[in-house]
Amino acid sequence: MGVIVDTIRMQYLSNVKMDLEYKIQLVTQSRMGLTQAASDLMQVGTDYSPDSPIVKQLNQRQAKLKALEQKLEQQMVQYQTRLQMVTTELESCRSRLYQGIGQSFRYN
């Protein structure tokens, strides 16, 4: 019975792990896009005088992009922490499964 439960649990944990890895990939791509957008804003702002209203608006937009990037960073840390937890549980489950299989097929 334990072998079946561990097999089902491993499948579930593998799916959760793949989902978290995909979410981490999406967050990474979003952060790269934000970094590029912030960089582009700063390059545009170099053409204007520092006192220009356009530069002030660009600086505000850049600050918003950085705040969004920080939120994405926090989300990334949460996903990575959850991924570590799932990976640890997956390894534990795998160990129990192998142990259960070994006990089921042990001849005395």
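This text goes with the structure placed above it.
Bear in mind the structure is a predicted one, so any value in this text is a computation, not a measurement.

Asks: Break down the environment of Lys 66 for me, citing the residues and quoting the values.
Replies: Turning to its location among the elements, Lys 66 is positioned in helix 2 (residues 53-104). Expressed as a C-alpha distance, the spacing of Lys 66 and Thr 35, which sit 31 residues apart in the sequence, is 8.1 Å.

Asks: Describe in detail a nonpolar patch on the surface, supporting the description with residues and values.
Replies: A cluster of nonpolar side chains, contributed by Tyr 98, Ile 101, Phe 105 and Tyr 107, occupies part of the molecular surface with about 540 Å² of accessible area. With respect to the helices and strands, Phe 105 occurs in the segment after helix 2. On the accessibility criterion, Phe 105 (57% relative accessible area) is exposed.

Asks: Give a description of the side chain of Gln 62 that names residues and reports values.
Replies: Here Gln 62 is to be found in helix 2. Contact partners of Gln 62, with chain neighbours within four places excluded, come to Ala 38, Leu 41 and Met 42.

Asks: Break down the side chain of Asp 6 for me, citing the residues and quoting the values.
Replies: Mapped onto the elements, Asp 6 comes out in helix 1 (residues 2-45). Ignoring any residue separated from it by four or fewer positions in sequence, one finds Asp 6 in contact with Cys 93, Arg 96 and Leu 97.

Asks: Summarise the pattern of salt bridges; cite the residues concerned and give the values.
Replies: For the structure shown, the criterion picks out 5 salt bridges. Between Asp 6 and Arg 96 there is a salt bridge; the shortest N-O distance is 3.4 Å. With Asp 6 in helix 1 and Arg 96 in helix 2, the pair connects residues that are 90 residues apart, well separated along the chain. In this structure, Asp 19 and Lys 23 form a salt bridge, with 3.4 Å as the shortest nitrogen-oxygen distance. With Asp 19 and Lys 23 both in helix 1 and 4 residues apart, this pair spans about one turn of that helix. Residue Asp 19 is classed as partly exposed on the basis of its relative accessible area of 38%.

Cut-off values and rules
Residues numbered from 1 in each chain as written. Predicted model: local features only at pLDDT ≥ 70, side-chain atom pairs only at ≥ 80, totals over all residues. Heavy atoms only, no water. Helix = DSSP H or I, 4+ residues; strand = E, 2+ residues; numbered from the N terminus. Patch = residues over 30% accessible without salt bridge, like charges linked within 9 Å, V, L, I, M, F, W, Y side chains within 5 Å. Areas by Shrake-Rupley, 256 points an atom, 1.4 Å probe, with all protein chains shown as cover. Salt bridge = Lys/Arg side-chain N within 4 Å of Asp/Glu carboxyl O. Buried < 20%, exposed > 50% of the residue type's maximum accessible area, 1.4 Å probe, protein only. Contact = heavy atoms within 4.5 Å.

Function-wise, these values are silent; they only describe arrangement.
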